[in-house]
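So the chains spell out like this:
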Amino acid sequence: MKYKNFEKCERLKKGILSKEFITSFCENNCFYCAFRKDRNFKREFIQPEKLAKSFFEKYRKGYARGIFISSAILKSSDETQYLINKSAIILRKKYGYRGYMHIKIMPDTDYFAIKEALLYADRASVNFEAPGDSYLKKLSKDKDFKKIFDTVLKMRRAYFELRGKYPFILPYGICTQFIYSPLSERDRDYLEFTEFLYRKINLKMVYFSRFTPVQRTPFESLKQVSLLREKRIYQASLLIRDYGFSLNDIPLDENGNLIKNKDPKLVYAEKNYHLFPVDIKKASYEILLRIPGIGPKIAKKIIQNRDDINLYNLDKLGINLKRAGRFILVSGKSPLKQASLF
Ligand code: SF4
């Protein structure tokens with residue numbers, strides 16, 4: 001499975017998403033955050049008109065291809081959301097901006113402000129930060145898990161209400177983000193909640209922002225989470241989202257964490273070797289997705305070209321024999337044995 005760099009932001013097809021903040025002034029004191037109220041640093045605020053104008057200039061010059069409008073919490077969620085929405089409206093209406101726009105929804109925002117945001121956004125998100133109430137309490141005394149959850153439900157309600165009238169609304173859906181594992185929370189807990197969010201709440205994407213300690217915060221002495229761990233949690237979460245895996249299929253160690261030195265799909269295949277090799281000329285789409293090195297794109301190609309597949313044209317379908325070779329057969333023959341004849 002390919003790993004994309006999700007670390008900072010989503011990437012657009014032709015360029016970079018510009019993350020624009022209304023303000024770094026914040027009412028809250030989350031233990032991990034650079035913007036927390038008690039942290040002493042020079043804060044900034046930008047009026048919606050100015051934010052829209054400066055982004056549109058970047059966009060016009062080709063320095064940015066999309067915008068993510070976010071903010072710390074200035075006075076209240078509603079007031080902050082008002083400023084975020086205002087920036088979006090100015091960009092869309094005054095500047096005629098038609099590009100990609102991701103809008104952050106503040107937890108506990110008023111329903112009508114959410115509806116307004118969804119009218120202008122391509123994607124909207126509210127951050128859970130943690131995979132449960134007890135975990136969130138350790139990250140922040142100000143955040144309320146139930147209020148965040150209710151906000152997601154309000155977003156869903158607003159989306160379905162608007163979709164009747166505007167069928168193309170919010171094409172990139174609703175998503176969320178976790179601060180990934182500052183207190184060594186178990187991967188199992190992140191993945192369990194992620195599975196719930198994908199299956200029951202229909203979120204489009206769950207992002208994992210690996211924890212990096214910020215100086216002069218209560219979490220400054222905690223350890224940074226490695227890029228490799230972040231990569232593994234993304235791989236496992238995408239197995240749940242796109243590959244039909246359930247949490248029970250994901251191999252975890254005795255502490256409930258992913259195995260760090262291997263792709264979780266490969267670990268799954270090696271642990272379930274009795275299910276392989278699979279004859280790709282006969283296997284269903286769901287089974288093809290279980291084979292290491294075969295993703296939704298290649299699985300679809302295999303199904304579309306089934307009659308023409310032979311041992312000599314696997315590379316044309318994008319099948320990487322180094323990864324998939326030992327797990328597949330073609331009309332009962334192993335491509336690896338065939339390759340070793342030459
Ligand atoms: S995480 Fe958000 S609410 Fe918490 S301190 Fe940072 S900006 Fe404020």
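Each remark here, short or long, concerns the structure printed above.
Draft legend 1. Looking closely at helix α2 (residues 77–94). Counted at 1.5 Å a residue, the expected span for α2 with its 18 residues is 26 Å, and the 25 Å between its end C-alpha atoms agrees. Of the surrounding elements, those touching the buried residues of α2 are α1 (48–60), β2 (66–70), β3 (100–104) and α3 (111–120). After α2 finishes, the residue Gly-96 shows a positive phi value of roughly 65°.

Draft legend 2. The nonpolar core, seen in detail. Counting residues in each nonpolar core, the largest one holds 83 residues, and the members touching the most others are Ala-88, Ile-103, Ala-117, Ala-121 and Ala-124. Per-element accounting of this core gives the leading share, six residues, to helix α7 (residues 227–242). Lining this core are residues from two domains, each supplying at least three of them: domain 1 (17–252) and domain 2 (272–340). Here Ala-117 is in contact with Gln-81, Ile-84, Asn-85, Ala-88, Ile-103, Ile-105 and Ala-124, once residues within four sequence places are set aside.

Draft legend 3. Here's a closer look at the sheet that holds β2. Within the open sheet, the six strands sit side by side as β1-β2-β3-β4-β5-β6. Their pairing is parallel. What marks the edges here is a single partner per strand, and that holds for β1 (17–21) and β6 (205–210). Taking each pair of neighbouring strands and ignoring which way they run, the sheet shows an average axis angle of 25°. Here β1 runs beside β2; their pairing, made up of five bridges, is parallel. By the bridge assignment, Glu-20 is partnered in β2 with Ile-69.

Draft legend 4. Inspection of the site of the ligand at higher detail. Around the ligand sit Cys-26, Asn-28, Cys-30, Cys-33, Phe-35, Arg-36, Ala-72, Ile-73 and Ser-140, and those are all the residues in its vicinity. Its residues placed into classes, the shell around the ligand shows six nonpolar, two polar and one charged.

Draft legend 5. Broad picture of the packing of helix α6 (residues 187–199) against α7. Relative orientation of the contacting elements α6 and α7 amounts to 30°, with a least axis distance of 10 Å. With respect to the hand of their crossing, α6 and α7 are arranged in right-handed fashion. For the pair formed by α6 and α7, the contact residues are Asp-187, Tyr-190, Leu-191, Thr-194, Glu-195 and Tyr-198 on the first element and Ile-233, Ala-236, Ser-237, Ile-240 and Arg-241 on the second. Along the lines of polarity and charge, the residues of the contact of α6 with α7 split into six nonpolar, two polar and three charged.

Draft legend 6. Highlighting the packing of α3 against helix α5 (residues 145–163). Remark: α3 packs on α5, axes separated minimally by 9 Å, with the N-to-C direction vectors making an angle of 55°. In terms of orientation, α3 and α5 fall into the oblique class. Crossing of α3 over α5 shows right-handed handedness. Taken together, the residues of α5 that come into contact with α3 (itself represented by Tyr-111, Ile-114, Lys-115, Leu-118 and Leu-119) are Lys-154, Met-155, Ala-158, Tyr-159 and Leu-162. Its residues assigned to classes, the contact of α3 with α5 comprises eight nonpolar, no polar and two charged.

Procedures and definitions
Residues numbered from 1 in each chain as written. Predicted model: local features only at pLDDT ≥ 70, side-chain atom pairs only at ≥ 80, totals over all residues. Helix = DSSP H or I, 4+ residues; strand = E, 2+ residues; numbered from the N terminus. Expected span 1.5 Å × (residues − 1). Contact = placed C-beta atoms within 7 Å. Core = buried A, V, L, I, M, F, W, Y, C linked by C-beta atoms within 7 Å. Buried ≥ 20, exposed ≤ 12 C-beta atoms within 10 Å, placed from the backbone. Domains from an automatic or database assignment. Pairing = 2+ DSSP bridges. Axes fitted to C-alpha atoms, helices over the stretch in contact; angles between N-to-C directions. Near = placed C-beta within 6 Å. Nonpolar A, V, L, I, M, F, W, Y, C, P; charged D, E, K, R; others polar. Left-handed = near helix turned anticlockwise from the far one by under 90°. Parallel < 35°, antiparallel > 145°, perpendicular 65-115°, else oblique.

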